[in-house]
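# Notes for the structure review
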Amino acid sequence: MSDLHPLRGTSVPSQPQSPASRHLGSARLTRRHPTPTSASVFDRYGPSVLFAIALLAGALVRLWQLNRFGVNSDEAVYLGQAAALAHEPILSRLFPLFRAHPLLFPFFVALALPFTGREALDLAGRLLAVGFGLATIAATMAIGRLLFGRWVGATAALFLALMPYHVTVSRQALLDGPMAFWVTLTLLALVRFAATQRTSWLVASAVALGLGVLTKETAVIFFGAIVTTFALHPELSGRPRPLLVALGAFIATVAVHPLATFLAGGSGTERTSQYLVWQLFRRPNHEWWFYAWKIPPALGLAVVALAVLGLILVWKVWSWRETLLVAWIVVPFTFFQVWPTKGFPYLVATTPAIALLAARTLGRLFALGSARSGSVLPTRSNWRRGLALVTVIAVAGSLAVPSIAQLRAATNGTFLAGSGGVPGGREAGEWVRTYTPEGTKLLTIGPSMANIIQFYGHRKAYGLSVSPNPLHRNPTYEPVVNPDLWLRNGEIQYVVWDAYSAARSPFFAEKLLTYARRYHGRVVHTELVQTVDTQGRPTDLPVIVIYEVHP
Amino acid sequence: MKLVRPLLTLFLFASFWFPLQPVHAARPEPNTPIRHFIVLMQENHTFDNYFGTYPGADGIPPDTCMPVDPTDPASECVEPFHIGNLPIEDLDHSVVTFRRQLNGGRMNGFIWALRLRNHDGRIAMGYYDGRDLPYYWNLASEYVLFDRFFSSAHGGSVWNHMYWIAAVPGTEKNSIPAEGFSNDIVTIFDRLNEAGLTWKFYVQNYDPSITYRTRTEVVGPRAAQVVWCPLLAIPRYLDDPELFRHIVPLDEYFTDLQNGTLPNVAYIVPSGASEHPPGSIQAGQRFVRSLIQALMRSPYWWNSAFLVTYDDWGGWYDHVPPPQVDDYGYGFRVPAFLVSPYAKRGFIDSTTYDFTSILKFIEENWDLEPLAERDARATSIRNAFDFTQPPRQPAFIPWDWPPPPPTPEPRRSAVFGLYGFTVALALLVFLIPARRMHFLPRSLSSRRSRPSTPTHRGEGKR
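Residues numbered from 1 in each chain as written. Chains lettered and ligands numbered in written order. Predicted model: local features only at pLDDT ≥ 70, side-chain atom pairs only at ≥ 80, totals over all residues. Heavy atoms only, no water.

### Considering the overall build of chain A
Rules: Elements are defined by DSSP. Helices are runs of H or I of four residues or more, strands are runs of E of two residues or more, and each kind is numbered from the N terminus. In what follows, residue pairs with any heavy atoms lying within 4.5 Å of each other are defined as contacts. In short, Shrake-Rupley with a 1.4 Å probe defines the accessible areas, and a residue's cover is counted only from the protein chains shown.
Tallying secondary structure elements over chain A gives 24 helices and five strands in all. In chain A, the share of contacts with a sequence separation of at least 24, taken over all contacts with a separation of at least 6, comes to 77%. Split by element, the accessible area of chain A, about 21300 Å² in all, is 65% carbon and sulfur.

### Some points on helix α15 (residues 290–299) of chain A
Because an α-helix completes one turn every 3.6 residues, residues spaced three or four positions apart along the sequence face the same direction. All names here are of chain A. To keep it simple, the criterion reads: In this scheme, a residue with accessible area under 20% of its type's maximum is buried, one over 50% is exposed, and one in between is partly exposed, where area comes from a 1.4 Å probe on protein chains only. Picture the helix axis, draw a direction to every C-beta atom, and the arc is the one those directions span.
Of all the residues in α15, the buried ones are Phe-290, Tyr-291, Ile-295, Ala-298 and Leu-299. Buried residues of α15, viewed axially, fall in a sector of 95°; they line one side. Exposed and oriented more than 90 degrees from the buried face of α15 are Ala-292 and Trp-293. Against the buried residues of α15 lie α7 (164–170), α16 (301–313), α17 (320–338), α18 (351–365) and α19 (382–408).

### So, the environment of Pro-55 of chain B
All names here are of chain B. Position of Pro-55 among the secondary structure elements: in the loop between α2 (47–51) and β2 (66–67). Residue classification places Pro-55 among the exposed residues on the basis of a relative accessible area of 54%. Residues Pro-55 and Ile-348 lie 293 residues apart in sequence; the distance between their C-alpha atoms is 9.9 Å. Other than its neighbours up to four places away in sequence, Pro-55 contacts Trp-137 and Ile-348.

### Examining the packing of aromatic side chains
Convention followed: In summary, the pairing rule links any two rings of Phe, Tyr or Trp, Trp by its six-membered ring, whose centres are within 6.5 Å, and it sorts them by plane angle into stacked for under 30 degrees, edge-to-face for over 60 and tilted for everything else.
Counted under the stated rule, the structure contains 63 aromatic pairs over all chains. Pairing Trp-431 of chain A with Tyr-435 of chain A gives two aromatic rings, centres 5.5 Å apart and planes at 35°, and the pair type is tilted. On the criterion of helical spacing, the pair formed by Trp-431 of chain A and Tyr-435 of chain A is a turn pair, its members being four residues apart in helix α20 (residues 425–435). Overall, the relative accessible area of 52% leaves Tyr-435 of chain A in the exposed class. Ring geometry for Phe-201 of chain B and Tyr-267 of chain B: centres 5.7 Å apart, planes at 45°, overall tilted.

### Describing the sheet that holds strand β3 (residues 494–498) of chain A
Residue and element names in this part refer to chain A. Basically, it comes down to this: Two strands are counted as paired when DSSP detects at least two bridges linking them. Every axis in this analysis is a line fitted to C-alpha atoms, fitted for helices over the stretch in contact. Angles between the N-to-C directions lie between 0 and 180 degrees.
With mixed pairing, the five strands of this open sheet are ordered in space as β2-β1-β3-β5-β4. Edge positions in the sheet fall to β2 (460–463) and β4 (522–532), since each of these pairs with one other strand and no more. When the angles between neighbouring strand axes are averaged without regard to direction, this sheet yields 25°. Looking at chain direction, strand β1 (residues 441–444) and β3 are connected through three bridges and run parallel. Counterpart to Leu-443 in the pairing with β3 is Val-495.

### Some thoughts on the environment of Ser-505 of chain A
Locating Ser-505 of chain A in the fold gives a position in the loop between α23 (499–504) and α24 (506–518). For the pair Ser-505 of chain A and Ile-445 of chain A, spaced 60 residues apart in sequence, the C-alpha to C-alpha distance is 7.7 Å.

### Section: the pairing of β3 of chain A
All names here are of chain A. Most of β3 is tucked away: five of the five residues are buried. On β3, burial covers both faces: Tyr-494, Val-496 and Asp-498 on one face and Val-495 and Trp-497 on the other are all buried. Across five bridges, the pairing between β3 and strand β5 (residues 538–548) is antiparallel. Among the inter-strand pairings, Asp-498 is bridged to a residue of β5, identified as Ile-544.

### Quick word on the pairing of strand β11 (residues 336–339) of chain B
Residue and element names in this part refer to chain B. Where burial is concerned, the two faces of β11 agree: the one with Ala-336 and Leu-338 and the one with Phe-337 and Val-339 are both buried. Note: strand β6 (residues 144–146) against β11, two bridges, orientation antiparallel. Bridge assignment links Leu-145 to a residue of β11, and that residue is Phe-337.

### What to know about the packing of helix α9 (residues 199–215) of chain A against helix α12 (residues 240–254) of chain A
All names here are of chain A. For clarity, the cut-off: Under this scheme an angle from 65 to 115 degrees is roughly perpendicular, one under 35 degrees roughly parallel, and one over 145 degrees roughly antiparallel; angles in between are oblique. Less than a right angle of anticlockwise turn of the near helix away from the far helix marks a crossing as left-handed, whereas a clockwise turn marks it as right-handed. Polarity classes work like this: nonpolar for Ala, Val, Leu, Ile, Met, Phe, Trp, Tyr, Cys and Pro, charged for Asp, Glu, Lys and Arg, and polar for all others, with Gly in that last group.
In the contact formed by α9 and α12, the axes pass within 8 Å of each other and the chain directions differ by 25°. It follows that α9 is roughly parallel to α12 by the angle criterion. Considering the relative orientation of α9 and α12, their crossing is right-handed. The segment α9 lies against α12, with Thr-199, Leu-202, Val-203, Ala-206, Val-207, Leu-209, Gly-210, Leu-211, Val-213 and Leu-214 engaging Pro-242, Leu-243, Val-245, Ala-246, Ala-249, Phe-250, Thr-253 and Val-254. Within the contact of α9 with α12, the residues separate by chemical class into 15 nonpolar, three polar and no charged.

### So, the side chain of Ser-151 of chain B
All names here are of chain B. Quick reminder of the rule: Here a polar contact is recorded for every N or O atom pair within 3.5 Å, except that within protein the pair must consist of a potential hydrogen donor and a potential acceptor, and residues adjacent in sequence are included only if both atoms are side-chain atoms.
With respect to the helices and strands, the residue Ser-151 is situated in the loop between β6 and α6 (157–166). Accessibility expressed as a relative area gives 0% for Ser-151, which makes it buried. Side-chain polar atoms of Ser-151 contact the backbone oxygen of Phe-332, separated by 2.9 Å. Those residues in contact with Ser-151 that lie beyond four places of it in its chain are Asn-160, Asp-311, Asp-312, Tyr-330, Gly-331, Phe-332, Val-334 and Phe-355.

### As for the interface of chain A and chain B
As a reminder, the rule being used: The term salt bridge refers to a side-chain nitrogen of Lys or Arg lying within 4 Å of a carboxyl oxygen of Asp or Glu.
Contacts between the two partners involve 60 residues from chain A, matched on the other side by 42 residues from chain B. One can count one salt bridge joining chain A with chain B. In this assembly, chain A and chain B are joined by 15 residue pairs in polar contact (both at pLDDT 80 or more). Of all the secondary structure elements, the ones that give two or more residues to the side of chain A that touches chain B are α2 (73–85), α4 (104–116), α8 (176–196), α9, α12 and α13 (256–264) of chain A. Ranked by the residues each element gives to the side of chain A that touches chain B, the list is headed by α9 of chain A, at eight residues. Per-class residue counts for the side of chain A that touches chain B are 34 nonpolar, 17 polar and nine charged.

### Topic: the nonpolar core
Here is the rule we go by: The criterion is simple. A nonpolar core is a set of buried Ala, Val, Leu, Ile, Met, Phe, Trp, Tyr and Cys residues joined through side-chain atoms within 4.5 Å.
Ranked by internal contacts, the top residues of the largest apolar core, which has 174 residues, are Phe-159, Tyr-165, Trp-328, Leu-443 and Trp-497 of chain A. Top element by residues in this core is α8 of chain A. It accounts for 13 residues. Leu-443 of chain A has contacts with Tyr-462, Gly-463, Leu-464, Val-480, Pro-483, Leu-487, Ile-492, Tyr-494, Val-495, Val-496, Leu-512 and Tyr-515 of chain A, leaving out every residue within four places of it along the chain. Membership of the second largest hydrophobic core comes to 112 residues, among which are Tyr-136, Phe-149, Leu-238 and Met-296 of chain B.

### Here's the deal with the packing of helix α11 (residues 251–259) of chain B against helix α12 (residues 281–297) of chain B
All names here are of chain B. Between α11 and α12, whose axes approach to 9 Å, the crossing angle comes to 15°. With respect to each other, α11 and α12 are oriented roughly parallel. For the pair α11 and α12, the sense of crossing is left-handed. Counted together, Tyr-253, Phe-254 and Leu-257 of α11 and Ser-290, Leu-291, Ala-294 and Leu-295 of α12 form the full contact between these two elements. Partitioned by chemical class, the residues of the contact of α11 with α12 number six nonpolar, one polar and no charged.

### Thoughts on a nonpolar patch on the surface
Residue and element names in this part refer to chain A. Definition in use: Nonpolar side chains (Val, Leu, Ile, Met, Phe, Trp, Tyr) are joined into patches within 5 Å and like charges within 9 Å, using only residues with over 30% relative accessible area and no salt bridge.
Nonpolar side chains collect at one region of the surface, where Val-220, Phe-223, Val-227, Leu-244, Leu-247 and Ile-251 lie side by side and expose about 500 Å² of accessible area between them. The set of elements that each furnish at least two residues to the nonpolar patch consists of α10 (221–232) and α12. With three residues, the single largest contributor to the nonpolar patch is α12. Checked against the element boundaries, Leu-247 lands in helix α12.

See the structure below:
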């Protein structure tokens, strides 16, 4: 990475330039030979310091009270898969190895399991996710440095480090955070390819995207972003042969999962294809404006505004860099806008591109980087540097405040999937594990709490809302075809009400309570969380209630 | 202030002294870790009828074929067969039928005796197995199954229930006397009362108004609660409120477990879920499961034992001739199994027991005097326990029999191998263009990592 620098390198007219590299400003395949002057101290050390701050702050907000709350449903599933892969005796009975997604993230967690043990599995998974998150910040720095210079790279890294959206997602043992890393690595290699026209970078990009797909199959959408960029900027793609080689590398990488599924055999392998069918025809889980409503505040409104402003400012000097970054945002957004299933963390892989665009705007406004080919940095006055720093700090602060606030936030008994841990979930599961006999079966409102109870409680749990109709349910979930009969026969011994599922499924919540009443339900455990009432007074809110039932 | 030091000294002395003083408990301590003994009496099945094909138990001999008429040497015979979903009926199980089925110890009158009572009789040779009784078979495989547990009397419910509580038949005829049983009969509950131990008799769907005094006025099967709970046929238990209050509805069993008020000894009788033919054996299993699950969910599990048995043979075939210990018994074998954290695991206990063995265990456990000659001579069921083992964790018993075959395990090595190989390869793919291949031979590394230069093929064409 050290051989390219758009700001410091001077143009080398004797060397022919690739079409793409002409747009990298003064970026050339030249070694860095810094000649420190008093004026360049700011530029020499500033970006490094800022990047170090970004990494430090990023690590801090990601690690602070990382395991305070237990895992949510999706985390439980992925960690359960990791346990199944590592053949952990208890969890592998409750969580099948093959479910909806490929297994790269569970693979990494499974490697750690012998060292962490089952009890620390949630922490190990989250630490791994944090590691991927920090690596994404570093990759963002590298991309920004290549495209717009070190200042912009470091600023983008800082924005990403503090961005509430990325902070939230990369604190969880989800697939989206690691997938975002591989996708960002894809972007980095692609930029390298554009700068060097070396096939090996294109292959590296293809393999990185393949690893993204092996983490979560939706990463394949970014293939569309690449195709879009190449289509709009044919000078980038070059000859067809490297493209074919890269395509082959991508397909070979992605083929690992179906091949592993085929070779592994066993039960549950057919679920992957069933899951795809179900995803195609399932009913929308959120309104169509979900992303427009939820994501911009999570990105940081200042960052979004800066990114948009920057695109307007460079309209006249628009290059493949803007196309690539915009495609990196618009293609996945469009896809998930059309796709019926909408999840909060699904768009997290677009955050580096958004951070880069925002940082690039600041770079342009305050001449922190070059924006067009052959530009020479203007001499900056101290006030301009100061103003630049103040603006960066202000934007970073506008990100840090909500990031920290959401880490400290008390629950109001509702929960958005993928937005963090579930207060009380771990404790309820541990109660189940401690106080219920082996072989206990529980009924929850929905499959989310069932997953959490299974993960921490080590007991089989069924979601009441799981449809008996295979067309209307996630194929990995088992329905309770006749819950009344199961309860009457003593097949289910506990029912679990939780405020989070009840807020989403009031019908099934009421039905569950009906069963609790009908079968002599007796409250045996309650999980409370501290919150504030409408008048702002602290109060204990019951979020999970476990009833013992018998016929 | 001068008093402070002496008071403190006195307090310290008292703190050390009083805990060392022996506590004179009102209730005697048990001689085993079992502080709560629960016994449930179901109805009308033999051991061979329920466990005749249970692996390892003294079940139906392989060459069994029951003559339809043992008095006719040319009579056809009926082999034992799986009942499954065949309809069953309430077979005659009177004293006369017992004697005919026993046929002087030849054990060959099971069909014939029933035919003389206008039954088809062949159904007596039917048996259930794990497909029909998955819960019981799984219980047996986890805890203790008794395969020489005899009903105490060769009659029906009345005698056997009396032996169960008092070690005596209570009456010469196998029926409740019109004036009730004698007040002189001493029951195990009297012994428990004398010792200051707690007890309850839980009756499912209990109606306190139905006693031996009113049962003839009651239409329908509910009058039988007097048979199942013989205390309702002993006048002093009805007339003394202090005794009568111990007979309670079954719902109290669940609340006692929840509230921490389970007595030392609990007798339970069903109503409707008793498995008495033609009642549903599945309903009976579910009923038993609800009782055992409730115990397992409570803190009482750790020092309890739950025994399930059946009051009489119900007319069904059993191949073991019962020992004749007196004029009344034993009757044919009945199913019995014990669930406890101290029960031996998957143990088949072949010691000869009858219902008075239950009394014997209670008496030995709490140092009580025997009630009668029968329980004095009986063998306690203590052999079924292993008190040297740590108490077993509660575990709900599954309903599947045979246990479902294990789902085929995926070859995890395939996943590990392929994913690991891919990640390693990806690392190399990134190291090549980044020229970080110092660990490779120089020639290989430089050849692979040669940067694109103007002289590179194709570069100059653009």
